[in-house]
Amino acid sequence: MRVLVVEDEAALRDMLKARLTEAGFTVDVAADGEEGLFAALEYPLDVAIIDLGLPKLAGLEVIRRLRAGRKTYPILILTARDNWQDKVEGLQAGADDYVPKPFHFEEVLARLQALLRRAGGWASPELVCGPITLDTRAQTVKVSGERVELTTFEYRILEHLMLRAGEVISKTELTERLYDEDFERDSNVIEVLIGRLRRKLDPQDELKPIETLRGRGYRFALSRQSA
Amino acid sequence: MHSLSRRLLLCVSIPLFLLFGVMGFVLDLSFRELSNRSLQQVLDSQMVQLIAAAELQPNGSYAPAARSLESALSTPGSGLYAQIRSPRVNTVWQSPSTAGESIAFGPALPPGARTFSRATERDDDEVAVESRGIQFSDDPASGQTLTFSVAVSLGPYQKELWRLRSQLLEIFGGLALLLLGTLALLLRWVLSPLRRLEREIHAVEEGRTDTLGSGYPRELSGVATNLNALLVGERKRVSRYRDTLGNLAHSLKTPLSVMRSALTGEVKTAGSPGAALGSEIDRMSGIIEHQLKRAAASGGALFGQAPVDVAAVASELRATLLKVYARKDLSIELAVELESQFIGDRGDFVELLGNVLDNACKWCKSRVRLTVSIDNYTFSRERLKVVIEDDGPGISEEDRRRVGQRGVRTDENVPGHGIGLAMVQDTIEMYGGSLSIDESPLGGARFSIRLPGR
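Residues numbered from 1 in each chain as written. Chains lettered and ligands numbered in written order. Predicted model: local features only at pLDDT ≥ 70, side-chain atom pairs only at ≥ 80, totals over all residues.

Pulling in residues and values, what's your account of the overall build of chain A?
When its secondary structure is counted, chain A shows 8 helices and 12 strands. Out of the 227 residues in chain A, the part that is buried amounts to 44%. Relative to all contacts within chain A whose residues are 6 or more apart in sequence, the contacts with residues 24 or more apart total 59%. (Helix = DSSP H or I, 4+ residues; strand = E, 2+ residues; numbered from the N terminus. Buried ≥ 20, exposed ≤ 12 C-beta atoms within 10 Å, placed from the backbone. Contact = placed C-beta atoms within 7 Å.)

This is the structure in structure tokens:
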């Protein structure tokens, strides 16, 4: 999952970047509104965290412009002025949720994951497709009740595919969401990771959870069980 | 007497009526004086004529010759009467005009005496009577004192007097009304800038306009200009104050966020220095939150601020909360009386309603209901009735009492738990409204709030 953090306070920005990376996100950062708007419009993001009090271009304006630019990914706002007028304005401008400062990182993470689930059409933090269960809070995967150990990248690919189960996701999109912008892209890595995932989830090759659509990408083929 | 023009009219009309009253009284008095004198003259001349016309009759009494009688004395009920009393022969002559009348001419008089009196004839007709006691030197029965009396009916005089009085009343009354009318028109014209000022201040109060217009007369233009400056200054001051508070909150909370995130990991170990620091950071942010919000709440209608459209705020908050609580299968029903308005600061109202609704959304299973109505039959500060209900677990009796208590501060609380409601309570107190909590038919808590509105 690729997330953009727009926050002018360097300490907070660095902390968010470190903790979100730790939690398995690919993180882009911006220190002011203009930089943030550029990143928000140009990068293939899954979600954005935007502080409302930004220099150069106010957070609300960034949100309005990126929504006007037909960006539909969820937006979480951070606000130091915890009042309803700001929340109403922020959500009217196009944000999806807010976290007041000072926040617990766990709260930000929980809200982010909830937004991502909702964007993928999931309501509960447990994604269940057939015998495969992915717990977004604990970041664990079980097949028929048996815990399956996955590496960080494997987990991230599976989470991405399952969140949007049924949709075709291109190899480029997967790559972009797994790596930072300056990472050297090698699509073979994705193929290798998908192969390892298939072996771990479906050693007998019976479930066939991940379909390959030649030239188009991958699709998580098992149907969703929880809403 | 709360109107300047009424006061002025009263001030002018009292001396006006007093003046006209005195003038009327003096005129009436002089007319009566005048008419009395002319009456006297009539009586005197009649008396002289009667004395001159009196002739000795064969029986020794005196009576005027019939031919020398004035026609009025010969006509019954004419209003002019005469009598001659001759005591020696015990005879009384009365003019033919007295036929059918009974006039009290008064007692017989000694020689040289002269009296004036008033007597009431029948039919309440008053007469003025003059009598004289006279001895004729050539009277055969010498020493006989004759009493000559003449009476004149006062009816015509009184009629004249009343006619004059009613004329005076008509003229003076009409004049007074004309003067007052003119004065009222003049006052209207003179006071029209004041009325305009009043209208414009009212418009500013209702938020229909934000400053007073120009073109006031010299005496008022200073007031209008200064009032405008005050309005603009006050608005700027409040918004600058709020901005400052917002910036203060921002600059305090950002380092707190950094501190809190730097502690991550250590906080979970109970008893560690990190855990202690963490809880102190929570306490600090709670206090900052609470006190800054309290300071930012204006707690009253800022002059020149439009009343708040409750329905608009409610639907904005509904949309926001549905988005925030998208993880919950939530329905927020709104039943807001059309055009109901909160009289006060919009920020305060949004904050208050947002907090209570947020609380309801947090605790409900799936239903939240907001009902707003206007109750015109109570104090103006309690006209807006806001009821927020949910189908959650409700609030225990003890907690309800705590929330209802005045002066219970929740500074010590963990953020997110209680600060919202303490804030709500503070705001309601500032506006002089009321808050009560009981059980909703939906199953959960019901907050009934009364605020200034219309």
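So, the sheet that holds strand 11 (residues 210-213) of chain A: which residues are in play, and what are the values?
Residues and elements named next belong to chain A. Within the open sheet, the 3 strands sit side by side as 10-12-11. Their pairing is antiparallel. This sheet does not close on itself; its edge strands, each paired only once, are strand 10 (168-169) and strand 11. Alignment of strand 11 against strand 12 (residues 217-220), held across 4 bridges, turns out to be antiparallel. Bridge pairing links L213 to G217 in strand 12. Against the sheet, helix 6 (residues 152-163) touches strand 10, strand 11 and strand 12, its axis set at about 70° to strand 12. (Pairing = 2+ DSSP bridges. Axes fitted to C-alpha atoms, helices over the stretch in contact; angles between N-to-C directions.)

Tell me about the environment of P209(A), and please be specific about residues and values.
All names here are of chain A. With respect to the helices, strands and loops of the structure, P209 is situated in the loop between helix 8 (187-201) and strand 11. With 21 C-beta atoms packed within 10 Å, P209 lands in the buried category. When the C-alpha positions of P209 and F220 are compared, they lie 5.8 Å apart, and in sequence the two are 11 residues distant. Leaving out residues up to four positions away in the same chain, P209 has contacts with I132, L201, D202, F220, A221 and L222.

Could you give an account of the nonpolar core, naming the residues involved and the relevant values?
In this structure, V3(A), L4(A), V6(A), V47(A), A48(A), I49(A) and M162(A) are the most contacted members of the largest nonpolar core, which totals 62 residues. The element contributing the most residues to this core is helix 5 (residues 105-119) of chain A, with 6 residues. Each of domain 1 (2-119) and domain 2 (126-220) of chain A gives at least three residues to this core. One finds F342(B), V350(B), L357(B) and I449(B) within the second-largest nonpolar core, a separate group that totals 36 residues. (Core = buried A, V, L, I, M, F, W, Y, C linked by C-beta atoms within 7 Å. Domains from an automatic or database assignment.)

Could you give an account of the packing of helix 6 (residues 310-324) of chain B against helix 7 (residues 346-363) of chain B, with specific residues and numbers?
All names here are of chain B. For the pair helix 6 and helix 7, the least separation of the axes is 10 Å and the interaxial angle reads 40°. On the basis of the axis angle, helix 6 is oblique to helix 7. For the crossing formed where helix 6 meets helix 7, the hand is right-handed. For the pair helix 6 and helix 7, contact is made by V313, A314, L317 and L321 and by F349, V350, L353, G354, L357, D358 and C361, respectively. (Parallel < 35°, antiparallel > 145°, perpendicular 65-115°, else oblique. Left-handed = near helix turned anticlockwise from the far one by under 90°.)

Mind laying out the sheet that holds strand 9 (residues 331-336) of chain B, listing which residues take part and the relevant values?
Residue and element names in this part refer to chain B. Pairing is mixed in the open sheet, where 5 strands are placed in the order 9-11-12-14-13. The open sheet has two edge strands, strand 9 and strand 13 (434-439), and neither has a second partner. This sheet shows a mean twist of 15° between the axes of neighbouring strands, independent of strand direction. As paired elements, strand 9 and strand 11 (residues 367-374) share 6 bridges and run parallel to each other.

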